[in-house]
Amino acid sequence: MRNMSEETIKKCPYCGSSDLVEDQEGYLICTQCGAIISDITFDTTYGQKPPGRTQTGTQYVKARHLIPASVVDVEEKRLISPDTSSKLKNFKTILDYCMQMLYHLGVTILDDQRKLLESYILKVLERSSKDGRQIRRTTTGALATALTHIFLRKIGKPKSLKVLQKLAIDKFRIVRNSRQISKALHFVELVLKDEVAKSRFATAEDFIYSIASELNTPSIIVRVAEAISKIAKVEKLTLGKAPNGIAAGALSVAYKYLEGRQIRSQLATIAGVSDVTIRYREMELEENPKIREFLRIVADYYRRQEYDKLHAFIDEYLEKLEKETEAETTTRPASS
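Residues numbered from 1 in each chain as written. Predicted model: local features only at pLDDT ≥ 70, side-chain atom pairs only at ≥ 80, totals over all residues. Heavy atoms only, no water.

Q: Teacher, can you tell me more about the overall build of the chain here?
A: The helix and strand inventory of the chain stands at 13 helices and 8 strands. Residues classed as buried in the chain amount to 46% of the 336 residues present. Long-range contacts, defined here as pairs at least 24 residues apart, represent 65% of the contacts in the chain between residues at least 6 apart. About 18900 Å² of surface is accessible on the chain, with carbon and sulfur atoms providing 47% of the total. (Helix = DSSP H or I, 4+ residues; strand = E, 2+ residues; numbered from the N terminus. Buried < 20%, exposed > 50% of the residue type's maximum accessible area, 1.4 Å probe, protein only. Contact = heavy atoms within 4.5 Å. Areas by Shrake-Rupley, 256 points an atom, 1.4 Å probe, with all protein chains shown as cover.)

Q: Any chance you could explain the nonpolar core here in plain terms?
A: A general feature of soluble globular proteins is that nonpolar side chains tend to end up buried together. Counting residues in hydrophobic clusters, the biggest one holds 45 residues, and the most contacted among them are Ile211, Val224, Ile228 and Phe294. Excluding its chain neighbours within four sequence positions, the residues that come into contact with Val224 are Ala254, Leu258, Phe294, Leu295, Val298, Leu310 and Ile314. (Core = buried A, V, L, I, M, F, W, Y, C linked by side-chain atoms within 4.5 Å.)

Q: What's the story with a nonpolar patch on the surface in this structure? I'm lost.
A: On the surface, a cluster of nonpolar side chains totalling about 290 Å² of accessible area is made up of Val276, Tyr280 and Met283. Mapping Tyr280 onto the fold places it in helix α11 (residues 275-287). (Patch = residues over 30% accessible without salt bridge, like charges linked within 9 Å, V, L, I, M, F, W, Y side chains within 5 Å. Salt bridge = Lys/Arg side-chain N within 4 Å of Asp/Glu carboxyl O.)

Q: Honestly, the packing of helix α10 (residues 264-271) against α11 in this entry has me stumped. Any pointers?
A: Helix packing geometry: the angle between the two helix axes and the distance between the axes. Relative orientation of the contacting elements α10 and α11 amounts to 110°, with a least axis distance of 9 Å. When the interaxial angle is binned, α10 and α11 end up roughly perpendicular. Between α10 and α11 lies a crossing of right-handed hand. When α10 is examined against α11, the residues Arg264, Ser265, Leu267 and Ala268 are found in contact with a partner set consisting of Asp275, Ile278, Arg279 and Glu282. Residues of the contact of α10 with α11, tallied by class, amount to 3 nonpolar, 1 polar and 4 charged. (Axes fitted to C-alpha atoms, helices over the stretch in contact; angles between N-to-C directions. Parallel < 35°, antiparallel > 145°, perpendicular 65-115°, else oblique. Left-handed = near helix turned anticlockwise from the far one by under 90°. Nonpolar A, V, L, I, M, F, W, Y, C, P; charged D, E, K, R; others polar.)

Q: How should I be thinking about the side chain of Glu286 in this particular structure?
A: Within the secondary structure, Glu286 sits in helix α11. Within the structure, Glu286 has its side chain in polar contact with the side chain of Lys256 (distance 3.1 Å). With residues near it in sequence (within four places) discarded, Glu286 still touches Val253, Lys256, Tyr257 and Arg292. (Polar contact = N/O pair within 3.5 Å; in protein donor to acceptor, adjacent residues only side chain to side chain.)

Q: For this particular structure, what's the right way to read the packing of aromatic side chains?
A: According to the stated counting rule, one finds 5 aromatic pairs in the structure shown. A centroid spacing of 5.7 Å and a plane angle of 25° characterise the contact between Phe294 and Phe313, whose relative ring orientation is stacked. With Phe294 in helix α12 (residues 289-303) and Phe313 in helix α13 (residues 307-331), the pair connects residues that are 19 residues apart, well separated along the chain. An identical accessibility class is assigned to Phe294 and Phe313; each is buried. (Phe/Tyr/Trp six-rings, centres within 6.5 Å; stacked < 30°, edge-to-face > 60°.)

Q: How should I be thinking about helix α2 (residues 111-131) in this particular structure?
A: Given 3.6 residues to a turn, an α-helix orients residues that are three or four positions apart in the same direction. For α2, which comprises 21 residues, the first-to-last C-alpha distance of 30 Å matches the rise-based estimate of 30 Å (1.5 Å per residue) to within 8%. A positive backbone phi angle near 75° is found at Gly132, which sits one or two residues after α2. (Expected span 1.5 Å × (residues − 1).)

Q: Looking at this model, I keep getting lost on the packing of α2 against helix α5 (residues 178-191). Mind explaining?
A: Closest axis-to-axis distance for the α2/α5 pair is 10 Å, and the angle between their directions is 100°. As summarised for this structure, α2 and α5 are arranged roughly perpendicular, according to the angle between their axes. Two secondary-structure elements touch here, α2 through Lys123, Val124, Arg127, Ser128 and Asp131 and α5 through Phe187, Val188, Leu190 and Val191. In terms of residue class, the contact of α2 with α5 is built from 5 nonpolar, 1 polar and 3 charged.

Q: Can you help me understand the pattern of salt bridges in this one?
A: Tallied over the entire structure, the rule returns 15 salt bridges. One salt bridge in this structure joins Lys230 and Glu226, with 3.4 Å as the shortest N-O distance. Placement of the pair is Lys230 and Glu226 together in helix α8 (residues 219-234), with a separation of 4 residues, close to one helical turn. On the basis of relative accessible area, Lys230 is assigned to the partly exposed category, the value being 32%. By relative accessible area, Glu226 is classed as buried at 15%. We note a salt bridge from Glu282 to Arg264, for which the minimum N-O separation is 2.9 Å. Pair noted here: Glu282 is in helix α11 and Arg264 is in helix α10, with a separation of 18 residues, a long-range link. Taken together, the shared-partner salt bridges connect Asp300, Arg303, Arg304 and Glu306 into one network.

Function cannot be read off these values alone, since they describe shape.
So, in structure tokens, the structure goes:
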């Protein structure tokens, strides 16, 4: 603990305003921007000792969390919301859970992305308060899991819900069962329906990049798997199938043909699907004549270590596929 005679907070570190006040719980608040600095012990000249402190006559400050201004309402230099304390606690708990999951998944986010996540949390808490929902520890864990799932999809780094469920239930133990997460996801999607509608749905290619980053997959295998998923889409092999299953199947086939390896169990864990699902996706992909011929040529180049020719072939093949698709679309008669 540091003596504040050496570094007393006189101005808001974010907006520079010197108009700072304390509420009844000892939180220091900037009335200009609404920032709250936690873990405040206040000056004894206010007529009372800091709770839990034995020293007097000195002010101590430990600034840890900055809570967005929209969490609290500041009017006439005081907090006017009676449930501000619980709202702040729930906000910090959910944000901490989300950041723990992102860190464990190896996902780094930028400042503007963090602000987006915080805005999602605030909207959910405000709706919960409005509906009179009681938020418990397991509720915060389920909400954090659902919010992380939607947030990752929004920023283009999707993870399957099964992967997040396993983290929340088995590793962090912040949720009791998957049913709680399903209910939380339904509620969060209802609150964020506009954001969910605007967000781009995750594709098989998105999942390929996400899975490959965790496996440290060679770039050439990622490229082949991406091409396989695009051919599968044109051949209508992806209809009615989850994109994470298609991605896992494409990567499994690429590993099998290029390196002769079977990594279904690893793919199943990361993609959040079963080994059986991957096996079915493999069979569907390998049985397609176009994909089978594509893999034969790619594997031949790979064995001869002609990587430049391999990349050139993939570029040429995908370009030809795109032109064929466009031609088919333009010649298709309009439905009456």
